[in-house]
Amino acid sequence: GAGVSQSPSNKVTEKGKDVELRCDPISGHTALYWYRQRLGQGLEFLIYFQGNSAPDKSGLPSDRFSAERTGESVSTLTIQRTQQEDSAVYLCASSLYAGELFFGEGSRLTVL
Amino acid sequence: AQSVTQLDSQVPVFEEAPVELRCNYSSSVSVYLFWYVQYPNQGLQLLLKYLSGSTLVKGINGFEAEFNKSQTSFHLRKPSVHISDTAEYFCAVRGQAGTALIFGKGTTLSVSS
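The rules we used
Residues numbered from 1 in each chain as written. Chains lettered and ligands numbered in written order. Predicted model: local features only at pLDDT ≥ 70, side-chain atom pairs only at ≥ 80, totals over all residues. Heavy atoms only, no water. Helix = DSSP H or I, 4+ residues; strand = E, 2+ residues; numbered from the N terminus. Rg over C-alpha atoms; globule rule 2.2 N^0.38 Å. Areas by Shrake-Rupley, 256 points an atom, 1.4 Å probe, with all protein chains shown as cover. Lys, Arg positive; Asp, Glu negative; His and termini not counted. Charge placed at Lys NZ, Arg CZ, Asp CG, Glu CD. Contact = heavy atoms within 4.5 Å. Buried area = accessible area lost by both parts, 1.4 Å probe. Salt bridge = Lys/Arg side-chain N within 4 Å of Asp/Glu carboxyl O. Polar contact = N/O pair within 3.5 Å; in protein donor to acceptor, adjacent residues only side chain to side chain. Nonpolar A, V, L, I, M, F, W, Y, C, P; charged D, E, K, R; others polar. Pairing = 2+ DSSP bridges. Axes fitted to C-alpha atoms, helices over the stretch in contact; angles between N-to-C directions. Buried < 20%, exposed > 50% of the residue type's maximum accessible area, 1.4 Å probe, protein only. Disulfide = S-S within 2.5 Å.

> Sorry if this is basic, but what is going on with the overall build of chain A here?
Across its full length, chain A carries zero helices and 11 strands. Start at the N end of chain A and walk to the C end: the helices and strands fall as β-β-β-β-β-β-β-β-β-β-β. The C-alpha radius of gyration computed for chain A amounts to 13 Å, which stays within 12% of the reference 13 Å derived for 112 residues, consistent with globular compactness. Its C-alpha atoms give chain A principal-axis dimensions of roughly 35 × 25 × 25 Å. Carbon together with sulfur atoms contributes 45% to the accessible area of chain A, which is approximately 5,300 Å² in total. Counting 11 positive and 13 negative side-chain charges, chain A places the centres of these two groups 5 Å from one another.

Listed below in structure tokens is the structure:
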């Protein structure tokens, strides 16, 4: 596609449920990033993929968070047993190897 | 690990005044530096980037930044701001190729008339 696509754009869930957030990067982009942006806060790095491997997953806040990428394209961020503090906008970005990041519009997660 | 410090969380300024948003990073190796902007209720977009070469980098909307290796800084400047420049500005740094892009906490620029 022309840009980075994320789905769903909005997700409301109950505490304790699992959620999956999807990211379709720009075709041909080898690097893919996930960030979290809480209301009024900066971008918190979660995980970075180069191809299908994740050389840096140091930002995942707990073992409830996991991410995978297949076929050097689509990535899924999974949050298990969601908590209220997980409420945030989850941003995905892609880039060629060391270049500019292109961001998606984000998935807004609200945990009730 | 890389880190980025944006020294001002909020910068209020009057229209047509000059502005500088400060950014310092921690690294002793080559870095790539970026400034991104997030307008209200919009996604992030790139303002400018430093990869190599000239230390003065010009970006969109009249913004520029200067890479200062000795001071590990990459401050963003604009000689005359407009109301439409009101937004959140993020400085970001990446170390050697193959590492993650780390963002600062952001600076809110508020331009009033």
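> How should I be thinking about the interface of chain B and chain A in this particular structure?
One frequent convention defines the size of an interface as the accessible area lost when the parts assemble. Contacts between chain B and chain A engage 19 residues on the former and 19 residues on the latter. Between chain B and chain A, a total of about 1,500 Å² is buried, with carbon and sulfur atoms accounting for 58% of that surface. The interface formed by chain B and chain A contains zero salt bridges. Here chain B and chain A share four residue pairs in polar contact (both at pLDDT 80 or more) between them. Contributing elements (two or more residues each) for the side of chain B that touches chain A: strand S5 (32-38), strand S6 (44-50), strand S10 (87-94) and strand S11 (102-103) of chain B. A per-element tally of the side of chain B that touches chain A places S5 of chain B first, with four residues. Tallied by class, the residues present in the side of chain B that touches chain A amount to 11 nonpolar, five polar and three charged.

> Looking at this structure, I do not really get the sheet that holds strand S3 (residues 19-24) of chain A. What am I missing?
Working definition: the strands of a sheet are paired by backbone hydrogen bonds and lie parallel or antiparallel to each other. Residue and element names in this part refer to chain A. Judged by pairing direction, the sheet is antiparallel, and its four strands sit side by side in the order S1-S3-S8-S7 without closing on themselves. Edge positions in the sheet fall to strand S1 (5-7) and strand S7 (65-69), since each of these pairs with one other strand and no more. Sheet twist, expressed as the mean angle between neighbouring strand axes with direction ignored, is 15 degrees. Strand direction decides the pairing type here: S7 and strand S8 (residues 75-79), joined by five bridges, are antiparallel. Bridging across to S8, phenylalanine 65 finds its partner in isoleucine 79.

> Got a minute to help me understand the pairing of strand S9 (residues 73-78) of chain B in this structure?
Residue and element names in this part refer to chain B. Burial analysis of S9 places five of its six residues in the buried class, which makes it a mostly covered element. Both strand S3 (residues 19-21) and S9 contribute to a ladder of three bridges, which runs antiparallel. The residue of S9 that forms the bridge with glutamate 20 is arginine 77. Here strand S8 (residues 64-68) runs beside S9; their pairing, made up of five bridges, is antiparallel. By the bridge assignment for S9, glutamate 66 is matched with histidine 75. In textbook terms, the turn of a hairpin is the stretch between consecutive antiparallel strands, and for S8 and S9 this stretch comprises four residues, one of which, threonine 72, has a positive phi near 45 degrees.

> Just to check I follow, could you spell out the state of the cysteines for this structure?
Each disulfide consists of a covalent bond between the sulfur atoms of two cysteine residues. All names here are of chain A. Per the counting criterion, the structure on display carries two disulfides over all chains. Here cysteine 23 is linked by a disulfide to cysteine 92, with a sulfur-sulfur distance of 1.9 Å. Linking cysteine 23 and cysteine 92, the disulfide has an S-S dihedral of approximately -65 degrees and is accordingly described as left-handed. Taken together, the residues span a long stretch of sequence, with cysteine 23 in strand S3 and cysteine 92 in strand S9 (residues 88-95) at a distance of 69 residues. Cysteine 92 matches cysteine 23 in its accessibility class, with the two residues each being buried.

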